[in-house]
Amino acid sequence: MSVAVDIPIVEQIAEVLYARLQLTTSNYYADNPVVEVVRPTRHGVWTPKHQQIILTQDAAIRERTLDYPGNPPALCWVTRFNIRCHVMPSETETDPYDRELNYLLAGVHKSVTDATNWETFDGLSVHAEWSDQERVVHDGGVSGINQPIDITYRVSELSDYVLRL
Amino acid sequence: MTLRDAILDDATMLVSQNEFGELIEYNGREIEAIVFRESLSVLAEDGDTVLPSWEIHVANSSTLGISSTELDVGSDVLVFPPREGQDPEEKTIVRLVGHDHGMLILECR
């Protein structure tokens, strides 16, 4: 089965992920809403803030074992999306830093997975899984944690706009 | 006048609009500062994101600049034109690069 649309499949997945992360900007979880979710521009017109999420993606990796034969064949890709959670509390903040990180990450996990068959991203992906978190090693500047998520999807060899399930 | 007073006087003169400084905003008040406008650079902490940086020099004073005791890194912002001639924008102070009795050197991203 193939589905043709006018937005590349990987961009549609990014938009779904971005929309789900937006839930963290409301009082969707706990009492510490995220101030904003940013997909950065090339020139970086944003400024680091406490309780902020930056969404970026790595170059896609081929997953040949999940390709489908055919004419044209379906190619399987895995794209890693980096959900960078910035926690930059005030110097007068008395809450433990790790507690703030734990709440923020809990909100991220809940917002992304709180959907039926969450891992299919509205039917666009084959699979999705959380990867190891990466602590940001900071030297007084931006600090926080990165929660990568690997999303696997399949498209036509001839067009990144054609979803192959 | 003590040497400490002289150092603060020198710093205040250096960041004056009549010398190298310009007016920027901190916590709702206007202060004089020297703004070193930097080019794009990778945000090392995030690895794959690019973000301009600015180095700001201000007098270590709660009236003429920002005092080292009132500064709250991570929470405080400065408002200034990111590029000469542009409209002012809010930028977070992410790092206290250095300071002494006369001056603070801040990094904004």
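Note that this is a predicted model, so its numbers are computed, not measured. For every chain, the first residue of its written sequence is number 1, and the numbers climb from 1 along that sequence. Chains and ligands are labelled sequentially in the order written, the chains with letters from A and the ligands with numbers from 1. Two thresholds apply to this predicted model, a pLDDT of at least 70 for residue-level local features and 80 or more for giving and counting side-chain atom pairs, whereas whole-chain, interface and lining totals are computed over all residues. Just so you know, side-chain values use all the structure's heavy atoms and leave hydrogens and water out.

### A closer look at the overall build of chain A
The helix and strand inventory of chain A stands at two helices and nine strands. N-terminal to C-terminal, the α/β element order of chain A is β-α-β-β-β-β-α-β-β-β-β. Burial status follows relative accessibility: with a 1.4 Å probe on protein chains alone, a residue under 20% of its type maximum counts as buried, one over 50% as exposed, and anything between as partly exposed. Within chain A, buried positions represent 43% of all 165 residues. What makes two residues a contact is simply this: any of their non-hydrogen atoms within 4.5 Å. Considering only contacts within chain A whose residues lie at least 6 apart along the sequence, 62% involve residues at least 24 apart. For chain A, the accessible surface area stands at approximately 8200 Å², while carbon and sulfur atoms represent 50% of it. Think of it this way: any DSSP run of H or I at least four residues long counts as a helix, any run of E at least two long counts as a strand, and we number them from the N terminus. Using a 1.4 Å probe, the Shrake-Rupley method yields the accessible areas, and only the shown protein chains count as cover for residues.

### Examining the interface of chain A and chain B
Taken together, the contact between chain A and chain B spans 27 residues of the former and 20 residues of the latter. Approximately 1800 Å² of surface area, both sides summed, lies buried where chain A meets chain B, with 48% of it carried by carbon and sulfur atoms. The largest per-residue losses of area from chain A upon contact with chain B belong to Trp 46, Thr 47 and Glu 91 of chain A, which jointly make up 24% of the total buried on that side. The salt bridge definition used is simple: a Lys or Arg side-chain nitrogen within 4 Å of an Asp or Glu carboxyl oxygen. At the junction of chain A and chain B, the tally comes to zero salt bridges. N or O atoms within 3.5 Å of each other form a polar contact, as long as, within protein, one can give a hydrogen and the other can take it, and as long as residues adjacent in sequence are counted only when both atoms are side-chain atoms. Between the two partners, chain A and chain B, sit six residue pairs in polar contact (both at pLDDT 80 or more). Contributing elements (two or more residues each) for the side of chain A that touches chain B: strand 3 (52-57) and strand 5 (74-86) of chain A. Gly counts as polar in this scheme, as do all residues outside two lists: the nonpolar Ala, Val, Leu, Ile, Met, Phe, Trp, Tyr, Cys and Pro, and the charged Asp, Glu, Lys and Arg. Looking at the side of chain A that touches chain B residue by residue, the class counts come to nine nonpolar, twelve polar and six charged. The term buried area refers to how much accessible surface (probe radius 1.4 Å) is lost by two components on association, counted for both of them together.

### Examining the confidence of the model for chain B
Residues and elements named next belong to chain B. Confidence scores here are pLDDT values: one per residue, from the predictor, ranging 0 to 100. For chain B, per-residue confidence averages 87 on the pLDDT scale, and residues scoring 70 or more make up 95% of the total. For chain B, the element scoring lowest by mean pLDDT is helix 1 (residues 3-14), at 82; strand 4 (residues 77-80) scores highest, at 95. For this predicted complex, the interface score ipTM comes out at 0.79, alongside a pTM of 0.87.

### Some remarks on the pairing of strand 6 (residues 103-108) of chain B
Regular strands place side chains that alternate from one sheet face to the opposite one. Residues and elements named next belong to chain B. Of all six residues that make up strand 6, five are buried, and the element is covered over most of its length. Pairing of strand 3 (residues 50-59) with strand 6 involves six bridges; the strand directions are antiparallel. Bridge pairing links Ile 56 to Leu 106 in strand 6. Two strands pair when backbone bridges link them, and strand 5 (residues 89-99) and strand 6 are joined in this way by five bridges, in the antiparallel orientation. By the bridge assignment, Arg 95 is partnered in strand 6 with Glu 107. Only strands that DSSP links by at least two bridges are regarded as paired with each other.

### Thoughts on the sheet that holds strand 6 of chain B
Residues and elements named next belong to chain B. Read around the closed barrel, six strands run 1-2-3-6-5-4, paired in antiparallel fashion. Averaged over all pairs of adjacent strands, the angle between strand axes in this sheet comes to 45 degrees, irrespective of strand direction. Bridge count for strand 4 against strand 5 is four bridges, and the pairing is antiparallel. Bridging from a neighbouring strand, Val 79 pairs with Glu 90 of strand 5. Throughout, an axis means a line fitted to C-alpha atoms (over the contacting stretch in the case of helices), and angles, computed between N-to-C directions, take values from 0 to 180 degrees.

### Regarding the packing of helix 1 (residues 9-22) of chain A against helix 2 (residues 97-113) of chain A
Residues and elements named next belong to chain A. For the pair helix 1 and helix 2, interaxial distance at closest approach is 8 Å and the crossing angle is 125 degrees. Here helix 1 is positioned oblique relative to helix 2, judged by the angle of their axes. For helix 1 against helix 2, the interelement crossing comes out right-handed. Along the contact surface, helix 1 presents Leu 17, Arg 20 and Leu 21, while helix 2 presents Val 108, Ser 111 and Val 112. Put simply, angles under 35 degrees are roughly parallel, angles over 145 are roughly antiparallel, angles from 65 to 115 are roughly perpendicular, and the rest are oblique. Crossings are assigned a handedness: left-handed for a near helix turned anticlockwise from the far helix by less than a right angle, right-handed for a clockwise turn.

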